[in-house]
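Listed here are the chains, written in short residue letters.
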Amino acid sequence: QLQLQESGPGLVKTSETLTLTCIVSGGSIRNSNFFWGWIRQPPGKGLEWIGSVYYSGSTYYNPSLKSRVSISVDTSKNQFSLKLTSVTAADTAVHYCARGIAVAGSENFDHWGQGTLVTVSS
Amino acid sequence: DIQMTQSPSSVSASVGDRVTISCRASQHITSWLAWYQQKSGKAPKLLIYTASSLQSGVPSRFSGSGSGTNFTLTISSLQPEDFAIYYCQQSNSLPLTFGQGTRLEIK
């Protein structure tokens, strides 16, 4: 059974870089049928797509974060990572990693990690 | 960006009730719409994709409809485990965007 697990620091200082890793087990990250993404949720608020990475290596980011975000894949470790630079308190959120699936042109997330809260504070 | 607007923001209902939640897109998105359920402290769960296709393992009391800009999620007979927050998500164009959520509460 596919499982995703986020890992990384729960506290990041203002202006520093947030780095999270998603470890994928029970399936290969190299499966071309899927893509991999990061979604965040500020406390008590809704969901925001951060970005996605595809089997081809292509990455797509939310323009609201584009200048600060990067997503990469490490196929040897079956994991993918998120980096967000120059963080502020507005970046405090539960961060989820998820597997994406494209069906008939629709792109959705069918498996999610449990989420990890990252708090940004000075 | 395509804005997704859900209504109502919250709804109270009883076990056994039929409930409908609406989602409107700011632009035409064909049928590239999904619905998720999120329970407190948990990750979202995919319920419906391409507007009306039921995700594997999801009970048949959940159904979706619509195309273009107007979509609905219907729960035919509410069960105790259905009380949660529901989100729609479009994938017609990047960035992927979600509605603000509809909280389904017990009456």
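Our subject is the structure that appears above.
Numbers given for residues are sequential positions, taken from 1 along each chain in its written order. Written order decides the labels, with chains lettered from A and ligands numbered from 1. In view of the model being predicted, local features appear only for residues whose pLDDT reaches at least 70, and side-chain atom pairs are presented and counted only at 80 or more, with totals across whole chains, interfaces and linings using the full set of residues. Only heavy atoms go into the side-chain values, all of them from the structure, while hydrogens and water stay out.

Colleague: Break down the sheet that holds strand β1 (residues 3–7) of chain A for me, with residues and values.
Modeller: Residues and elements named next belong to chain A. Two strands qualify as a pair provided DSSP detects at least 2 bridges between them. The helix and strand labels rest on DSSP assignments: H or I over at least four residues marks a helix, E over at least two residues marks a strand, and numbering proceeds from the N terminus. In spatial order, the strands read β1-β3-β8-β7; together these four strands make up an open sheet with antiparallel pairing. The open sheet is flanked by β1 and β7 (69–74), the only strands paired with a single partner. Averaged over all pairs of adjacent strands, the angle between strand axes in this sheet comes to 20 degrees, irrespective of strand direction. Lines fitted to C-alpha atoms define the axes, with helix axes restricted to the stretch in contact, and inter-axis angles between N-to-C directions lie between 0 and 180 degrees.

Colleague: I'd love a proper account of unusual backbone geometry, names of residues and values included.
Modeller: For the peptide bond that leads from Ser7 of chain B to Pro8 of chain B, omega is -5 degrees, which places it in the cis range. You can see Pro8 of chain B is positioned in the loop between β1 (4–7) and β2 (10–13). Across the junction of Leu94 of chain B and Pro95 of chain B, the peptide omega takes the value 5 degrees, indicating a cis bond. You can see Pro95 of chain B is positioned in the loop between β9 (85–90) and β10 (97–98). You will see that Ser15 of chain A, though not glycine, has its phi angle at about 80 degrees, which is positive. Looking at the element boundaries, Ser15 of chain A is found in the loop between β2 (11–13) and β3 (18–25). Look at Thr30 of chain B: it is not a glycine, yet its phi comes out positive at around 55 degrees. Here Thr30 of chain B shows up in the loop between β3 (19–25) and β4 (33–38).

Colleague: Give me the lowdown on the pairing of strand β8 (residues 70–75) of chain B, citing residues and values where you can.
Modeller: Residues and elements named next belong to chain B. In the sheet, β3 pairs with β8 via six bridges, with the strands oriented antiparallel. The residue of β8 that forms the bridge with Ile21 is Leu73. Relative to β8, strand β7 (residues 62–67) runs antiparallel, the two being bridged by six bridges. What sits directly across from Gly64, in β8, is Leu73.

Colleague: Give me the lowdown on the packing of aromatic side chains, citing residues and values where you can.
Modeller: Think of it this way: a Phe, Tyr or Trp ring, Trp meaning its six-membered ring, pairs with another when their centres are within 6.5 Å, and the plane angle makes it stacked under 30 degrees, edge-to-face over 60, tilted otherwise. Scanning all chains against the criterion turns up ten aromatic pairs over all chains. Arranged with centres 5.7 Å apart and planes meeting at 45 degrees, the rings of Trp36 of chain A and Phe80 of chain A form a pair that is tilted. Of the two residues, Trp36 of chain A sits in strand β4 (residues 34–41) while Phe80 of chain A sits in strand β8 (residues 79–84), which places them 44 residues apart along the sequence. Both residues of the pair, Trp36 of chain A and Phe80 of chain A, belong to the buried class. Members of the aromatic cluster, each reached through a chain of ring pairs, are Phe35, Tyr54, Tyr60, Tyr96, Phe109 and Trp112 of chain A together with Tyr36 and Phe98 of chain B. Note on criteria: charge over ring means Lys NZ or Arg CZ within 6 Å of the ring centre, with the direction from the centre no more than 35 degrees off the ring normal. Positioned above the aromatic ring of Phe34 of chain A is the side chain of Arg99 of chain A, whose terminal nitrogen or guanidinium carbon lies 3.6 Å from the ring centre. Throughout, exposure labels follow a simple rule: accessible area from a 1.4 Å probe, protein chains only, divided by the maximum for the residue type, with under 20% read as buried, over 50% as exposed, and the rest as partly exposed.

Colleague: Outline the interface of chain A and chain B, listing residues and values.
Modeller: Counting residues at the interface gives 21 residues for chain A and 19 residues for chain B. Two parts lose some accessible area (1.4 Å probe) when they are put together, and adding that loss for both gives the buried area. Taken together, both faces of the contact between chain A and chain B bury some 1700 Å²; the carbon and sulfur share is 64%. Each salt bridge in this description consists of a side-chain nitrogen of Lys or Arg and a carboxyl oxygen of Asp or Glu lying within 4 Å of one another. Counting across the interface, chain A meets chain B through zero salt bridges. By the criterion applied in these results, polar contacts are pairs of N or O atoms within 3.5 Å in which, for protein atoms, one can donate a hydrogen and the other can accept it, and in which residues neighboring in sequence qualify only through two side-chain atoms. In this assembly, chain A and chain B are joined by eight residue pairs in polar contact (both at pLDDT 80 or more). Elements that contribute at least two residues to the side of chain A that touches chain B include exactly β4, β5 (48–54), β9 (93–103) and β10 (106–112) of chain A. A total of six residues in the side of chain A that touches chain B trace back to one element, the largest contributor, which is β10 of chain A. Think of it as three bins: nonpolar holds Ala, Val, Leu, Ile, Met, Phe, Trp, Tyr, Cys and Pro, charged holds Asp, Glu, Lys and Arg, and polar takes everything else, Gly as well. Here the side of chain A that touches chain B is built from residues that sort into ten nonpolar, seven polar and four charged. Residue contacts are counted whenever heavy atoms from the two residues lie within 4.5 Å of one another.

Colleague: Tell me about the state of the cysteines, residues and numbers included.
Modeller: The term disulfide is used for any two cysteine sulfur atoms that are within 2.5 Å. Enumeration over the complete set of coordinates arrives at two disulfides over all chains. For Cys22 of chain A, the disulfide goes to Cys97 of chain A, at an S-S distance of 2.1 Å. Taking the torsion about the S-S bond as the criterion, the Cys22 of chain A to Cys97 of chain A disulfide, at about 60 degrees, is right-handed. Pair noted here: Cys22 of chain A is in strand β3 and Cys97 of chain A is in strand β9, with a separation of 75 residues, a long-range link. The class of Cys22 of chain A is buried, set by a relative accessible area of 0%. Sulfur-sulfur distance for the disulfide between Cys23 of chain B and Cys88 of chain B comes to 2.1 Å. With the S-S bond torsion at 70 degrees, the cross-link from Cys23 of chain B to Cys88 of chain B turns out right-handed. Here Cys23 of chain B, found in strand β3, pairs with Cys88 of chain B, found in strand β9; they are 65 residues apart in sequence, far enough to count as distant.

So yeah, pure geometry; function would need other evidence.
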